[in-house]
Amino acid sequence: MALVKVLFCLCLIHAALAKGSESQIECTPEIMKVVVPMDGDRKISYLDQLKEYKPCQPELDGKTAMFVLDLQDPHKCGVTRILHNKTGKRVFYHKIVIEDNAGGRETVAVRCEVLGKQRLIRRDVQTFPLDFDEPDVLNITRYEEGKAPEPILGAIVKQNGKQVSGEISVTPGTPLTMEIFLNEQSAPVYGLLVNYMHVTDTGKQQETIILNGCSVDPYLFDNFVTTDGDTLTAKFKAFKFPDTTYVQFKGTVTVCLDKCQGVQCSNGQFAYGRKRRSIASSDSNKIYEVSLTTFIKVDYEKGQKEAEDVLALLRHLRVANQRLGDMDGTPATVAEHTSDNRLVLVDDHDLIHDKSNMVAVSCLLLLVCLLVHFK
């Protein structure tokens, strides 16, 4: 019996040592530094959904893995930022995954808080009447204090109901679904609305896919819809940029008390994060603004050729963005595919030059037609 107790104690000690030491977090307004001790049975450590994404790998130093996350550019490595519209307080959070030698996974949530400038609220003070009499003793029989939870958002991509992370590659043209959701504590209190989202190759190439709550190209990326207000879903087709396998989605989500007011899009569909019951909404209930990021890995299977219909998805999106630029008067990026399917950027000067040539040719043809007619 004594031997069994000794073995049991040794197993407990081994289990405690295998888990490793606690991570250390250091916060500044510019960076969030997380040092993960790689002791015990720990093998590797990486940011959630970014196991093989090289720009966001930790710095290894002996028995530690150090992550330095840029809070000035939180999208870079998928840091979620929550901005409180009333107080200016900013909260940044992420998840770090730690794998052990036996294949087990441990998830550590890391969080930084940066206080904003307090706003001075002025209120008119009412004067008391001359006969006002304040009692010397106040009998307080009840005291209550309530506080709404801080919203925690998640963003995932699914294929046939199963999550697709930055570690698993999907082929272009695959039907996918993006979900943006609240955690259990904040779901009964808040509603969501995806205000803006763009997609990028994690470099210089980027295109807008959601503007003012509506999809720019519903054929490629549909509007976000909801049935309960707690989870927003949008269907889309996987596509890739020519020079990378990673596709990064950067979004701005508004968090409102109870629900956010819907947005009617050009196709007549409502894109929103509001709950089904009809309650009057205004900008005053928009409490938080959340910047979030999610990655997917898109690549062709071995021996598969790039199909024209898949390449056309990105081309159509660029055309839609070009139209947006024409409507609001801002220059839009124009890109074309060469024979080897590489992108060639065309600057505005070349476009103006080409348009001038077309006008000159048209005028010349018109002059020739007039001369032939009057002869």
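For clarity, every value in this text was computed on a predicted model and none was experimentally measured. (Residues numbered from 1 in each chain as written. Predicted model: local features only at pLDDT ≥ 70, side-chain atom pairs only at ≥ 80, totals over all residues. Heavy atoms only, no water.)

Notes on the state of the cysteines
Stage number 1. Following the criterion strictly, the structure yields 4 disulfides and no others.
Stage number 2. With a sulfur-sulfur separation of 1.8 Å, C27 is cross-linked through a disulfide to C112. Negative torsions about the S-S bond denote left-handed disulfides, and the value of about -85° found for C27 with C112 makes this one left-handed. Taken together, the residues span a long stretch of sequence, with C27 in strand β1 (residues 24-27) and C112 in strand β8 (residues 105-114) at a distance of 85 residues.
Stage number 3. Residue classification places C112 among the buried positions, given a relative accessible area of 1%.
Stage number 4. Disulfide partner of C256: C260, at an S-S distance of 2.1 Å. (Disulfide = S-S within 2.5 Å. Helix = DSSP H or I, 4+ residues; strand = E, 2+ residues; numbered from the N terminus. Buried < 20%, exposed > 50% of the residue type's maximum accessible area, 1.4 Å probe, protein only.)

Let's talk about the pattern of salt bridges
Stage number 1. Using the criterion set out here, one finds 8 salt bridges in the structure.
Stage number 2. In this structure, the salt-bridge partner of K51 is E99, at a minimum N-O distance of 3.3 Å. One end of the pair, K51, is in the loop between β3 (42-47) and β4 (59-61); the other, E99, is in strand β7 (residues 90-100), with 48 residues separating them in the sequence.
Stage number 3. What makes K51 partly exposed here is its relative accessible area of 28%.
Stage number 4. For E52, the salt bridge goes to K297, with nearest N and O atoms at 3.0 Å. Here E52, found in the loop between β3 and β4, pairs with K297, found in strand β20 (residues 286-298); they are 245 residues apart in sequence, far enough to count as distant.
Stage number 5. Taking relative accessible area as the criterion, K297 reaches 17% and is therefore assigned buried.
Stage number 6. Look at the salt bridges and you will find they share partners, linking K89, R111, E113 and E150 into a network. (Salt bridge = Lys/Arg side-chain N within 4 Å of Asp/Glu carboxyl O.)

Some thoughts on the sheet that holds strand β9 (residues 153-159)
Sheet strands line up and pair through hydrogen bonds in the backbone, either parallel or antiparallel.
Stage number 1. Taken together, 4 strands build an open sheet; the order of strands is β10-β9-β12-β16 and the sheet is antiparallel. Each of the sheet's edge strands pairs with one partner strand only, and the pair in question is β10 (162-164) and β16 (231-237). On average, adjacent strands in this sheet sit at an angle of 40° to one another, irrespective of strand direction.
Stage number 2. Pairing geometry for β9 and strand β12 (residues 175-182), over 6 bridges, is antiparallel. Following the sheet pairing, K158 is matched in β12 by T177. (Pairing = 2+ DSSP bridges. Axes fitted to C-alpha atoms, helices over the stretch in contact; angles between N-to-C directions.)

A short note on the layout of surface pockets
Stage number 1. In this model, the largest pocket occupies a volume close to 530 Å³.
Stage number 2. Residue lining of the largest pocket: 26 residues in total, with D48, Y93, K95, L153 and G154 positioned closest to the centre.
Stage number 3. Elements represented by at least two residues in the lining of the largest pocket include exactly β7, β8, β9, β12 and β20.
Stage number 4. When its residues are assigned to classes, the lining of the largest pocket shows 13 nonpolar, 9 polar and 4 charged. (1 Å grid on protein atoms, 1.4 Å probe; cavity = no way out; pocket = protein on both sides within 12 Å on 5 of 7 lines; lining within 4 Å. Points joined across faces, edges and corners; volume = space filled by probe spheres on them. Nonpolar A, V, L, I, M, F, W, Y, C, P; charged D, E, K, R; others polar.)

Details of unusual backbone geometry
For residues other than glycine, phi is negative in most cases, and the peptide bonds are mostly trans.
Stage number 1. Backbone geometry at N160 places phi at a positive 55°, although glycine is not the residue there.
Stage number 2. Phi is positive for D258, which is not a glycine, with a value near 70°.
Stage number 3. Looking at the secondary structure, you find D258 in the loop between β17 (246-257) and β18 (263-264).
Stage number 4. By relative accessible area, which is 18% here, D258 ends up buried.

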